[in-house]
Every structure is written in structure tokens, then in C-alpha cells.
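Chain by chain, the residues run as shown.
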Amino acid sequence: MTKVVHPRHALSTNPLKSSAPLGAALAYLGIESAIPLFHGSQGCTAFAMVHLVRHFKEAVPLQTTAMNEISTILGGAEQIEEAIENLRKKSAPKFIGIASTALTETRGEDVVGELKEIVARRKDFADTAIVYASTPDFTGALEDGWARAVEAIIATLVPEAPERDPDLRRVNLLCGSHLTIAEVEELVRLIRAFGLDPIVLPDLTSSLDGHVGDDWRGTSLGGTTLEDIAAMPRSAYTLAVGESMRGAARLLEDRAMVPYRVFPSVTGLKPVDAFIRTLMALSGQQDAPPSVKRDRARLLDASLDAHFHTGGLKVAIGADPDLLFSLSTTLAGMGAEIVTAVTTSQASPVLERMPCDEVLVGDLGDLERGAAAAGAAMLLTHSHGRQAAHRLHLPLVRVGFPIFDRIGAQDICRVGYRGTRAFLYEIANIAQAQHHAATPQDFGAAPIAEEFDHVPHAATC
Amino acid sequence: MADALKDKIADVFNEPACGTNVSKSEQQRKKGCAKPLTPGAAAGGCAFDGAMIALQPIVDAAHLVHAPLACAGNSWDNRGAASSGSILYRTGFTTDMTELDIVMGHGEKKLYRAIKELVAAHNPPAVFVYSTCVPALIGDDIDAVCKAATEKFGTPCIPVNAPGYVGSKNLGNKLAGEALFDHVIGTLEPEECTPYDVNIIGDYNLSGELWQVKPLLDRLGIRILGSITGDARYRQVAMAHRAKVTMLVCSKALINLARKLDETYGIPFFEGSFYGISDTSEALRIMCRMLVEQGAEPELLDRCEALIAEEEAKVWADLDRLRPRVAGRKVLLYTGGHKSWSVVSALQELGMEVIGTSVRKATDEDKERVKEIMQTDAHMFDNMAPKDMYRLLKDAKADVLMSGGRSQFVALKAKMPWVDVNQEKHEPYAGYVGMIDMVRAIDRAVNNPMWAELRSDAPWDDPLPATTVMPAHKGACPVTHIPAGVNRPVAPTPPRPARAEGPTGAGFAGLGSSETDFEDC
């Protein structure tokens with residue numbers, strides 16, 4: 001069992017984590033015609049928005065209740081009501097997702113109660129679904145905020161079903177925050193390949209995939225429809241990807257008796273095998289489609305070709321727990337050594353399953369120190385790891401959020417047989433690119449005497 | 001084939017220092033030792049390839065291939081001979097002969113111009129000019145071109161007459177040795193000679209193997225004067241005639257050169273190897289003994305013994321740490337020559353079981369050694385068809401294949417570990433430290449957790465516990481717009497799944513909610 005260690009320093013140097021409300025906002029953006037609303041001071045929103053825009057290179061609708069000193073002390077219910085009213089006037093969203101911040105949580109507002117009162121009083125708000133998640137900045141990280149938001153969406157918008165009447169071809173796909181757009185698309189492709197029809201929650205594939213639409217909208221550009229969310233109880237099964245989605249899956253079961261299975265990872269041969277096996281069982285097919293079988297065979301070959309480079313490779317990795325777990329287990333399964341693992345949130349049970357002795361709940365400073373001490377050959381973390389990579393002269397594989405100094409982060413796919421294949425190639429190629437040209441001194445040999453060196457003479461022609 | 005080349009080939013085949021040749025009858029000897037190649041069943045490089053392999057490690061020289069594109073274009077910069085200095089040797093120079101050059105006989109002129117441009121652009125200490133099949137066939141006289149160019153440009157241009165069709169890679173090695181002897185060795189004098197100067201012939205410093213051994217020689221005060229041709233400078237090769245002893249490493253390919261150095265300059269030679277612990281020690285011992293015989297101080301022998309004792313103790317201490325990780329593993333060795341046995345003994349001492357070793361390119365002596373070490377010749381084989389090797393590995397009769405790149409995929413496709421022990425490998429395994437690197441490579445290969453995963457069943461290999469009859473698809477295909485169910489038999493109405501008992505444990509097609517899913521990851 002891996003030890004979860006909290007480094008004993010008060011100073012956080014180069015933070016690894018992004019805040020929980022940001023994660024909630026991101027999840028809300030996966031709902032159709034949505035606007036996330038931070039209940040806090042406007043700076044919370046501004047920073048989060050810039051963070052999101054830098055990553056996605058998209059206009060991101062994100063609003064704030066703009067708490068000031070007075071409203072913070074007296075209570076922010078009026079600010080929330082006014083914000084909802086203004087958002088409805090301006091952009092007519094179908095969905096407003098509220099995330100609390102450290103400010104309002106520290107004061108201790110009863111947003112749930114107040115929101116209930118507001119919605120009951122303001123009949124004109126009826127055509128906007130309003131969801132609230134408690135996501136104080138001081139607890140957890142992006143992954144936790146995302147998970148709380150998905151749970152809030154289910155708790156608020158999924159009707160309770162007293163009876164089970166499943167549509168056997170329907171499945172729910174609950175996506176953890178660590179999945180990129182391309183990764184969700186790959187999972188959807190696999191599910192559809194078995195004749196199943198997924199309801200994806202949250203679905204960023206149509207809202208933040210990076211596309212040019214026909215008009216300008218002040219809300220999310222796509223996402224899970226409210227109708228689909230309401231239809232989730234009729235699905236035959238829930239596939240939850242990422243341990244952080246277990247709570248949401250369980251909630252769905254509580255409300256509508258939809259059985260679930262959590263896939264802590266869908267990267268790497270065996271995890272994908274488990275996912276495919278589940279799809280086979282759900283679709284009642286003893287066999288998989290030829291394309292899936294071919295992709296598995298190709299992954300086997302990719303593993304064979306890559307293992308020469310991943311075997312013994314020392315890797316330092318920093319990410320939210322779900323991403324940390326899925327990438328680390330895949331690399332460790334290929335013979336790599338996870339010499340340093342740093343994560344953001346201690347709550348996840350996958351941390352105890354990490355393929356290394358200890359996981360630090362820390363920052364990029366811990367990652368840098370650990371990588372240097374252990375002689376890591378490669379760093380895996382988000383773009384902020386570039387400073388450490390530069391100082392350590394190590395290659396940086398950009399994973400997680402934010403990735404702001406490369407474009408197309410949403411198109412990177414490391415799940416499924418195909419995505420795993422791409423991931424192995426990526427790692428193996430970076431390892432090869434670091435090829436060190438040996439010198440006699442490496443072996444303790446004296447250099448060749450200068451006497452033998454060629455002294456170029458003036459050309460005679 | 002030019003008469004000069006024909007004579008040269010006959011000459012290298014009639015090698016008095018070669019035991020195999022000496023034991024032949026006069027009749028057989030005349031035939032030479034080229035084995036006729038079987039069309040449709042031949043593999044391996046040509047004479048040009050062999051010549052290039054032997055000479056290219058001269059790192060500061062330019063290597064110009066007079067040929068249509070294939071000879072250089074398909075082969076340049078493909079070897080791991082490491083350089084501590086110039087990287088000019090890795091630049092692919094060719095005359096890229098065209099149809100017009102061949103038909104109009106412009107080859108010689110083009111070659112001359114190419115040399116001129118090369119010297120002007122790079123000013124190398126020498127240009128090695130390789131003849132190939134096409135110019136040899138149309139009669140380009142590269143000797144004459146080289147002579148003219150040398151005179152005109154002041155840069156030695158060395159003709160290497162080893163067109164591919166004359167024979168094997170091994171023959172190419174020999175012809176390259178001849179070129180060095182005829183045109184390079186003895187053309188420069190070292191500033192000073194010491195009684196501790198040696199030549200090392202036949203080591204190409206692949207991935208730095210020479211450097212694994214060089215610290216040992218450094219400590220003994222032995223200088224590699226003529227390196228033929230690992231990490232060699234042209235000037236070094238040109239001064240090789242002033243060494244006191246020649247060590248002939250690996251194979252007998254360049255034995256002609258070693259013998260001629262002996263006959264012409266009185267440099268005695270010995271055959272040795274830096275593969276394996278006992279071999280390395282043995283080579284050092286012989287080298288020191290011969291140096292002393294040639295006039296070095298006798299105390300060299302004591303220093304040599306002390307060094308061997310120290311290094312052997314160190315390497316065994318290191319290997320012992322690795323022993324638990326490799327002991328008991330079954331190894332199939334598919335290499336050849338002296339490696340058939342030099343690696344075997346070390347692997348056996350580490351508790352590995354060598355289930356077979358190939359004796360391709362091995363001499364009778366080599367075969368005797370294999371028998372001696374393995375106590376039987378039952379595990380000795382010549383060639384093994386890839387199909388048979390695949391079967392052997394697939395049936396898990398061996399845990400790891402150690403071979404050259406050619407059989408790499410036979411092992412990999414059988415989902416078996418493979419360790420590269422031939423010249424294309426990326427890691428050096430020479431000397432004492434090399435042995436540790438090799439055992440580490442074996443450890444890394446056989447103990448990679450990937451193998452177990454790869455060999456496990458695919459999801460569709462096991463029958464599903466329970467299946468459900470699915471309802472027909474609804475709607476239409478988003479791409480073709482063909483409505484679901486048209487012209488397709490609709491499956492019978494599926495049984496409704498049992499009413500769930502409660503929120504937990506609601507089963508579906510044998511799938512319940514699970515609290516722990518870790519068994520998959």
C-alpha cells in the first residue's frame with residue numbers, strides 16, 4: 001500500500017493544483033447552454049476564467065456574484081438572485097451552475113436554503129435549471145470540484161425513479177475531470193461500437209472541443225442536454241470513469257437504481273480490457289467489433305516496441321489523483337519506475353494503489369526536488385512544470401490541466417487501446433530523443449591524444 | 001571483374017594464418033572460401049557492406065560511395081560506431097550515379113568532381129572511395145581517379161575495391177583491410193613510440209565498447225596506437241605500423257591485416273575478445289605478456305594481474321547483486337562466432353540456464369569451447385528457422401532470446417523478451433563493466449511487468465457469464481441515414497431484467513455495482 005505523505009513545509013512553491021471551483025465551472029460547461037457562476041468576489045472568477053481560456057483557447061462564459069465587503073458580511077443571497085436575473089436577461093441560459101468559493105464558505109452561507117427560497121419565490125426563473133455545488137477553494141482540487149458539481153447536477157436534475165424500466169441500449173458515461181475532449185470521444189466511440197448509446201455527463205466534447213460555430217453565444221456552446229440528464233434513470237448501466245466519479249455513480253444508483261461500475265483507469269491494456277469486457281456484457285456480445293480487436297493487437301505491438309525505452313525509465317509525475325493513477329500504472333506496467341509522484345488531493349482511495357512507495361500531497365516544488373534527488377529522466381505534469389523541467393534539463397510531457405503553452409491539448413487522447421498506444425509512443429519517443437551520445441569519459445577512459453587529430457590544411461582546389 | 005581485384009580476392013582467400021584455410025587441400029584452397037549463395041535463400045550483407053563496416057569507424061575521414069543511390073542512400077548512418085571527436089564519418093557521401101552517368105560513362109568524372117567538392121567543403125584528413133557493383137561493372141577505374149585526386153588536392157584518397165557482387169560481408173572486411181594496408185598504414189610516423197603501444201583490430205567501438213575497455217589499458221599505461229577502427233582518427237591508422245603488439249578482436253575477418261603487419265613490420269598478433277569476464281582477463285594477460293616479450297618492463301605483468309584481480313572481484317560483487325533477478329531464467333542464445341561461448345559461461349555463473357547456443361560463423365575451436373562449457377553438444381545448433389524459433393519461444397521453452405536484430409521480432413511476436421547482443425545494439429557490453437550492463441539488460445527485459453499483461457487473455461477469449469438479448473436499434477445511422485431494422489431481422493423481445501432489489505446490488509446481465517474495481521488496474 002502506498003503511503004500518502006504530506007510534506008512538512010508551510011510554504012507551497014509553484015502550486016500543482018488548480019482550485020475546486022474551477023473544476024466545478026469546467027463540469028458545468030459540459031451542460032448545454034450553461035453559464036457557471038462563482039459565488040465569491042469577482043477576482044475568483046477572473047483568475048479561473050483566464051486559467052480556462054489559456055488552456056482551451058476559447059471564450060469561456062463564467063460569471064460571478066461579485067461579493068463585496070458588505071454583502072459578504074450581511075449574506076450573499078441577494079447577490080445570487082441578482083446574478084441569476086442578469087444572466088437570464090443577458091444570455092438566457094438553460095442552466096446556471098453555481099460554485100461556492102472560499103470567501104462565501106468561510107462566512108458560512110446556507111446557499112442551498114437560500115436558493116430554495118429564491119427559486120420558490122421567483123417563478124420567472126422556472127425555465128432555467130439552477131444547480132449549486134459547495135466547492136470551497138480550501139478543500140480539494142480541480143478534480144474534487146468537478147466531482148461535487150457532477151454530483152450536484154445529478155442530485156438536482158435527475159428525477160428519482162421508483163421503478164426500473166431500463167432502455168437496454170442506453171448507458172450513462174460519467175467522465176472524470178482528467179479526461180480530455182478526445183478521450184471522451186474515444187470512449188463514446190468504443191461504447192457505440194458495441195451498439196450502445198451513451199449519455200455523457202458532463203459532455204465537453206461539443207462545448208469546448210474548439211470549433212467555429214454559426215453564431216455567438218454567451219453560454220456554453222454544447223454539452224449534455226437537460227433532457228438527456230432527465231433520461232439518465234432509464235439507462236441500463238452507468239460507466240463511471242475515474243475514481244472521483246464514484247460518488248456521482250452511487251448517487252445515480254440511489255436515485256434510480258442504475259447499477260454502475262467505476263473504472264479508475266481506462267489507460268493501459270488491462271484497464272481497457274476491463275472496460276471492453278463490460279461493454280461486451282452490456283451489449284450481450286461474446287465478440288468485439290473487428291476494429292476494436294485490431295486496435296488491441298496493435299497496442300500489444302506498440303507495447304513490445306515501446307518497452308525497450310520504457311523499461312527502467314525513471315519518471316516523476318505530478319497530477320490530480322485520477323490522472324496520476326492512470327498514467328502511473330500504465331507506465332509502471334511497462335517497466336518504468338515512478339520515482340516521484342505528487343498529487344493535489346489526499347481524499348482519493350486510488351492513491352493507496354499507486355505503483356510507488358509514497359505519494360506526496362504537494363506542489364511542483366516537491367516534484368522538482370523529488371525528480372532531482374531520484375535522477376528522474378522525464379517529468380509528467382501540466383504546463384507549469386516547465387520551469388522545473390528547464391532547471392533540471394529534463395523533457396516535460398504535458399498532462400492534465402492547465403496546458404497553456406501548447407495548443408490542441410483537447411485533442412490528446414491517452415485512453416482506450418488507441419490512446420494507450422499513442423501514449424506509449426509518446427513516452428518512448430521522448431525517451432529516445434534524450435539519447436545521450438556516449439564519450440570515453442563516461443567510462444572513465446582518457447580522451448584520444450590530440451596528436452592523432454587531423455589539422456585541416458588549406459584547400460588546394 | 002578487374003584482374004587486380006580478382007588477384008586480390010584470391011590472395012585474401014589464401015590466408016596462411018587462417019586455420020581453416022591451412023587445413024584445406026591444395027585443390028580446395030584454390031576454390032577459395034566463398035560459399036556459393038543460394039538464390040531465394042540468402043541473407044546478409046555484401047562485400048561493400050563489409051568494407052564500409054570495417055572502415056567507417058575512422059571518424060574524421062570522409063567515406064564516399066561511388067554508386068547509384070541504393071548503396072549509400074539505403075544504408076548511411078545506420079551503425080552505432082561511436083566517436084569521441086569528428087562526426088564526419090556519419091555524413092552520407094555518394095556520387096548518386098544516374099542513368100546518364102552510367103550510359104555515357106561519366107562515372108569517373110563525376111567521382112573526381114565529387115572528391116573535389118568534398119575536399120573543398122570538409123577538408124578531411126582522407127577520403128575513402130568505395131567502389132560498388134555498377135561502377136565496377138562498367139569499368140570505372142577508381143584507383144586512377146583516387147591517384148589523380150590525391151595528387152591534385154593533396155588529400156589522400158583511398159580506393160576501396162569491394163563491389164557488392166564479389167562476395168560476402170566477411171570478404172568485404174578483408175578487402176577493406178587490404179586497402180588500409182596498401183594505402184594507409186605506414187604513411188605517417190608517430191611523434192614518439194613507446195614499448196606500450198598496441199593495435200586493436202576488429203573492434204568498431206559500437207555504442208562505445210572500446211571505451212569500456214580503454215580505462216583498463218589506460219591504467220596499465222598501454223596506449224592504443226592503431227585503432228582499426230574503433231573511434232579511430234585517420235592519423236592513428238596511418239601510424240599503426242609502429243605498434244608493438246596487435247590484438248585481433250572478434251572473428252577472423254581481418255586476420256589478413258594482422259598477419260601482414262606481423263610479416264612486414266614485425267608486430268606479433270594474438271586473437272582475443274573483450275566479451276565476458278574471463279575473456280577480458282585473458283586478453284589483458286596475453287597482451288601484457290607479448291608487450292613484455294617485445295621489450296616492455298616485466299613489472300607490467302604484476303600490474304596486470306593486480307588489475308585483473310581487482311576488477312574481477314568488483315564485477316562479481318556487482319553481478320551477485322543482480323543474480324536473484326536473473327537466476328533460473330532460460331536463455332536462448334542466437335549469435336555466433338566466439339560469442340557462442342564467451343557469453344555462455346558468464347550467464348551460467350549467474351544461475352541462468354542456456355538452453356541453446358548457435359554456432360554460426362564459429363570456428364571448430366569455438367565449438368569445442370561450447371562443448372566444454374556446456375558439457376554437451378546437445379544445445380549447439382547452426383541455424384534455426386524463424387518458424388522453429390517462434391515455436392520454441394511460444395512454447396516457453398526459453399524465457400529470453402539473446403540475438404541480433406534480425407530475429408528480434410521472432411521473439412517479440414511470440415511475446416517473449418529479447419536482448420540485443422549484436423552489433424546494432426544500443427548498449428555496450430564489453431569488458432568487465434559491459435557484463436554488468438548486459439545482465440542489467442537481461443533483468444530489464446525479462447522482469448518487465450508488461451509481459452504478463454501481454455500474455456493474458458483478451459476480453460473476448462473467455463465466454464461471458466450471462467448474455468442478454470438486445471432490443472433492435474432505434475433511429476437511423478447518422479452517416480448513411482439508413483433506418484435501423486430495415487432489412488435486418490429484429491431480435492426477439494428481450495426479457496425484462498429482474499426488478500432490482502434495492503439501490504445497491506441492482507444486477508444487470510450479471511453485472512452488479514461494485515465497490516472495488518481495482519482488480520482490473
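Residues numbered from 1 in each chain as written. Chains lettered and ligands numbered in written order. Predicted model: local features only at pLDDT ≥ 70, side-chain atom pairs only at ≥ 80, totals over all residues.

It is worth spelling out the pairing of strand β9 (residues 330-334) of chain B at this point. Residues and elements named next belong to chain B. Among the five residues that make up β9, four are buried, leaving the element largely enclosed by the rest of the structure. Strand direction decides the pairing type here: β9 and strand β10 (residues 353-358), joined by four bridges, are parallel. Residue pairing across strands places V331 opposite V354, the latter belonging to β10. With four bridges connecting them, β9 and strand β12 (residues 400-403) associate as parallel partners. Looking at β12, one finds that Y334 is bridged to S403. (Buried ≥ 20, exposed ≤ 12 C-beta atoms within 10 Å, placed from the backbone. Helix = DSSP H or I, 4+ residues; strand = E, 2+ residues; numbered from the N terminus. Pairing = 2+ DSSP bridges.)

Counting 290 residues, the largest nonpolar core has V150 and V315 of chain A together with A51, L64, I115, V127 and V129 of chain B as the members making the most contacts within it. With sequence-adjacent residues up to four places away left out, I115 of chain B is seen in contact with L64, V127, A149, F153 and C157 of chain B. (Core = buried A, V, L, I, M, F, W, Y, C linked by C-beta atoms within 7 Å. Contact = placed C-beta atoms within 7 Å.)

So, on to the domain arrangement of chain B. We note that the domain assignment places domain 1 (3-35 + 42-183), domain 2 (197-315) and domain 3 (327-426) within chain B. Between the C-alpha centres of domain 1 of chain B and domain 3 of chain B there is a distance of 33 Å. (Domains from an automatic or database assignment.)

All names here are of chain A. Across the sheet, six strands lie side by side as β1-β12-β11-β10-β13-β14; this open sheet has parallel pairing. The sheet is open, and its two edges are formed by β1 (3-5) and β14 (396-398), each paired on a single side. Pairwise comparison of adjacent strand axes, ignoring direction, gives a mean angle of 20° for this sheet. Sheet topology places strand β11 (residues 337-343) next to strand β12 (residues 358-361); two bridges connect them, and they run parallel. In the strand pairing of β12, T343 is matched with V361. Docked against the sheet, helix α13 (residues 321-333) engages β10 (314-318), β11 and β13 (378-381), running at close to 180° with respect to β11. Seen against the sheet, helix α14 (residues 364-374) touches β10, β11, β12 and β13 and runs at an angle of roughly 165° to β11. (Axes fitted to C-alpha atoms, helices over the stretch in contact; angles between N-to-C directions.)

All names here are of chain B. Look at helix α7 (residues 107-122) against helix α9 (residues 142-153): their axes get within 10 Å of each other, and the N-to-C directions meet at 35°. Crossing of α7 over α9 shows right-handed handedness. Of α9, the residues touching α7 (which contributes E108, L111, Y112, I115, K116 and V119) are I142, V145, A148, A149 and F153. Of the residues in the contact of α7 with α9, the class split is nine nonpolar, no polar and two charged. (Left-handed = near helix turned anticlockwise from the far one by under 90°. Nonpolar A, V, L, I, M, F, W, Y, C, P; charged D, E, K, R; others polar.)

Here the amide bond leading from F401 of chain A into P402 of chain A is cis, since omega sits at 0°, within 30 degrees of zero. Residues I228 of chain B and T229 of chain B are joined by a peptide bond in cis, for which omega reads 5°. Here H393 of chain A, not a glycine, exhibits a phi torsion of approximately 55°, which is positive. Structurally, the position occupied by H393 of chain A is in the loop between α15 (386-392) and β14. Positioned with a positive phi, N123 of chain B is a non-glycine residue whose angle comes to about 45°. Note on placement: N123 of chain B falls in the loop between α7 and β3 (127-131). Judged by the 18 C-beta atoms lying within 10 Å of it, N123 of chain B falls in the partly exposed class.

Below, the discussion takes up the environment of D366 of chain A. All names here are of chain A. Positionally, D366 belongs in helix α14. Among the residues examined, D366 registers 24 C-beta atoms within 10 Å and is labelled buried. When the C-alpha atoms of D366 and L26 are compared, they prove to be 27 Å apart, with 340 residues separating the residues in sequence. Apart from residues lying up to four places away in sequence, D366 is in contact with P7, V342 and L360.

Our next topic: the sheet that holds strand β2 (residues 93-94) of chain B. All names here are of chain B. With parallel pairing, the four strands of this open sheet are ordered in space as β2-β1-β3-β4. Single-partner strands in this sheet number two, and they are β2 and β4 (157-160). Summarising the sheet, β3 and β4 pair through four bridges and their orientation is parallel. Bridging across to β4, V129 finds its partner in P159. Relative to β3, helix α4 (residues 47-55) is tilted by about 165°, and along the sheet it contacts β1 (62-66), β3 and β4.

The next point concerns the environment of A249 of chain A. Residues and elements named next belong to chain A. Of note, A249 is situated in helix α10 (residues 246-256). Residues A249 and A230, spaced 19 residues apart in sequence, show a C-alpha to C-alpha distance of 15 Å. Discounting chain neighbours no more than four positions away, the residues touching A249 are L174, T238, A240, Y260 and V262.

Residues and elements named next belong to chain A. Assigned domains within chain A: domain 1 (20-157), domain 2 (167-209 + 216-288) and domain 3 (295-433). One C-alpha centre belongs to domain 1, the other to domain 3, and the line joining them spans 33 Å. Facing the ten residues of domain 1 at the interface are 13 residues of domain 3. Mapped by element, the contributors of at least two residues to the side of domain 1 that touches domain 3 are α2 (42-56) and α7 (142-157). Top element by residues in the side of domain 1 that touches domain 3 is α2. It accounts for four residues. Split into classes, the residues belonging to the side of domain 1 that touches domain 3 amount to three nonpolar, three polar and four charged.

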